[in-house]
Each structure stands twice: as C-alpha cells, then as structure tokens.
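# Fold and geometry: a report
Residue strings, one per chain:
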Amino acid sequence: MVLIGKNITKTYGEKLLLDNININIEDTDKIGLIGLNGSGKSSFMDILAMKNTPELGEVKIIGDKRVSYFPQEVCIDESLTVMEYIDSVVSKKDYEVTVLEVKTILTKLEITDFNQRISTMSGGNRRKLALGVALANPCDLLILDEPTNHLDSDIIEWLEKYLMKYNKALLLVTHDRYFLERVVNKIVELSHGKIYEYVANYSKYLELKTEREISLASKERKIAAFLRKEYEWIKRGALARTTKDKRRIENYETLMDREKVKDKSLVIDSISSRLGRKT
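Note that this is a predicted model, so its numbers are computed, not measured.

Quick notes on the rules
- Residues numbered from 1 in each chain as written.
- Predicted model: local features only at pLDDT ≥ 70, side-chain atom pairs only at ≥ 80, totals over all residues.
- Heavy atoms only, no water.
- 1 Å grid on protein atoms, 1.4 Å probe; cavity = no way out; pocket = protein on both sides within 12 Å on 5 of 7 lines; lining within 4 Å.
- Points joined across faces, edges and corners; volume = space filled by probe spheres on them.
- Helix = DSSP H or I, 4+ residues; strand = E, 2+ residues; numbered from the N terminus.
- Nonpolar A, V, L, I, M, F, W, Y, C, P; charged D, E, K, R; others polar.
- Contact = heavy atoms within 4.5 Å.
- Buried < 20%, exposed > 50% of the residue type's maximum accessible area, 1.4 Å probe, protein only.
- Polar contact = N/O pair within 3.5 Å; in protein donor to acceptor, adjacent residues only side chain to side chain.
- Lys, Arg positive; Asp, Glu negative; His and termini not counted.
- Salt bridge = Lys/Arg side-chain N within 4 Å of Asp/Glu carboxyl O.

Next up on the list: empty space enclosed by the protein. To find the voids left in a structure, one rolls a probe of water-molecule size over its atoms. The final tally for this structure, using the stated rule, is one cavity of 30 Å³ or more. Quantified by volume, the largest cavity comes out at close to 30 Å³. In terms of lining, the largest cavity is formed by Phe70, Gly124, Arg127, Lys128, Leu131, Pro147, Asn149, His150 and Leu151. A total of four residues in the lining of the largest cavity trace back to one element, the largest contributor, which is helix α4 (residues 123-136). Each residue belonging to the lining of the largest cavity can be placed in one class, and the counts come to four nonpolar, three polar and two charged.

Position of valine 74 among the secondary structure elements: in the loop between β5 (67-70) and α2 (82-89). As for valine 74 and lysine 128, which are separated by 54 residues in sequence, their C-alpha atoms are 9.8 Å apart. Non-local contacts of valine 74, meaning those with residues more than four positions away in its chain, are made with Arg126, Arg127 and Ala130.

With that settled, the discussion passes to the environment of serine 68. Mapped onto the elements of the fold, serine 68 is located in strand β5. Residue class for serine 68 comes out buried when judged on its relative accessible area of 5%. Sequence separation of serine 68 and alanine 136 is 68 residues, and the distance between their C-alpha atoms is 8.9 Å. In this structure, serine 68 is in contact with Ala134, Asn137, Cys139, Leu141, Leu142 and Ile143, ignoring residues within four places of it in sequence. One polar contact links the side chain of serine 68 to the main-chain carbonyl oxygen of alanine 134, over a distance of 2.7 Å.

Tracing the backbone shows lysine 41 in helix α1 (residues 41-48). Buried within the structure, lysine 41 lacks any salt-bridge partner; its nearest side chain of opposite charge belongs to glutamate 146, at an N-O separation of 6.0 Å. At 3.0 Å, the side chain of lysine 41 and the backbone oxygen of glycine 35 are in polar contact.

On to the layout of surface pockets, then. Each pocket or cavity is described by its volume, and for the second largest pocket that value is around 350 Å³. Around the second largest pocket sit 25 residues that line it, and Gly35, Leu36, Ser39, Leu190 and Ser191 are the ones nearest its centre. Only β2 (15-25), β3 (30-34), β8 (186-191) and α7 (202-235) provide two or more residues apiece to the lining of the second largest pocket. No other element matches α7, which puts four residues into the lining of the second largest pocket. Its residues assigned to classes, the lining of the second largest pocket shows 10 nonpolar, nine polar and six charged.

Below, the structure is given as structure tokens:
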C-alpha cells in the first residue's frame, strides 16, 4: 500500500466536486483517472499529491513512501537555467544517479541544452522539463496529469513504453485512450462527485461500465414500477390506520428521498410534502 484517501470532500463554489471519496493505491496499481471536463480530476490529483487539502477527509502516505507529481499547470522559476532547476528539485538522496536519469529522460523529450534559461523556453518545453524531472525523481507513486499534452507522436510512443515498464505505482489523467489501453491496469472514473473503480484497461472498462449501467437501469425501472404502484395506493386514500399502512407510507417516503427517480409520466416529486409525515 502506498496511499490511503478517506472521506475526501471538495467543493468549487457551489459545485460539489468530490463527495466523501475513499481510495486506496497499491504498490502495483497503474491507475487511469477519467471523467468529464470539470468533474474535478485535477483537484483530486492535487489532493492525492498533498498539494491541496480537502474540506473534509484526509490523505495518508504510508510509511516513508514518496510521491512524484506532474501537475497540469506547471509553475517554474523562469530566472533559472534548466540545470539550476534540476538542482533545485531533484532528490538529494542518490543525487548524481538522479541527475543522470533526469538528463537521459530530458534528452528523450528533446531537451538537450541544460544551460538554457527557462525564460527563453516555450510553454511546451517547460512542461517537458517538469515531466522529465517528475519521471526521474525516485518515488513510490508517480502522479501525472495530462502528461501527453504538447508531445509529438514519437515522444508519446516513448513515454508509453517507459510507463509500461514502470515498476512503481502510477496514477495518471490523459485523454489519450490508446495510452490508457496499453499502460494502466485499473480505471477510476470520477462522475458526479463519486468514483467507480474497474480492474481493467480502457476497453475492458467500457465493457464493465456498460454492464453496470444496464444493471443500474434495470434496478431503476423496478424502483419506478414500485413507486408507481405505491403512489396509486396512496392516491386512492390510504388512511394509515394500521401499523402496516403507516410502515408502508414511511417506506415509500424513505425510498422517494433516497432514490431520485425521474419519470415524467408520474407526478411524484411533491407527494411527500403534500401528505406530510402524518396522515
């Protein structure tokens, strides 16, 4: 185990991004985090990388495990040279080995002038610099937010092969579905503040998600049918004179509160408020 996240809750304005989320990341996990734009993926990554704090809940790094993070928004001191930046951020443990690894990776990313002033670099090359350092820094969990942005196809292919051989825990966000297909062994989907985990690559995830949605739709149809029947019973004038009738009405109201069933053929959203808790 590398990381444990418990009851993570985060809002953005009035929008609930993360709703009481729990997640465990194992040493062998290669996780692809997916979700619609604006669903809170980057906020979730920031929290797991300990760069931001949730409003509720906590993130715990196990023991002396280390995290290396490549965020979507890269902030680098422009006054430094490439080498000065490397010196300022790489781990001091095994420094020479790490610097050699950084230079090797940066060469693969087509960054070869280590005396270049960062202020003269393009935005894409600054991202490559930060990515190279994140890849090379010794860690137990590597977190990458959109690592393939601003990379050409040859470099993406190299990065894909690099991460396929990577033997530490990995958590990444990318819109490159082929990349997910080849690199990850688990998909975590963030949707409406909740996460859904699938032990699968991308194509298998699509299959499992379809099965889950079919099962959910079937359950919702059964719930809708039950509510329709109970609504008709209440509309006929249930008096709730017996304990059984009272319990039946309470069960109906509880289910109405818990399940947000939308059926335009029924006007059931205000039944509870009209009847009240006592009949």
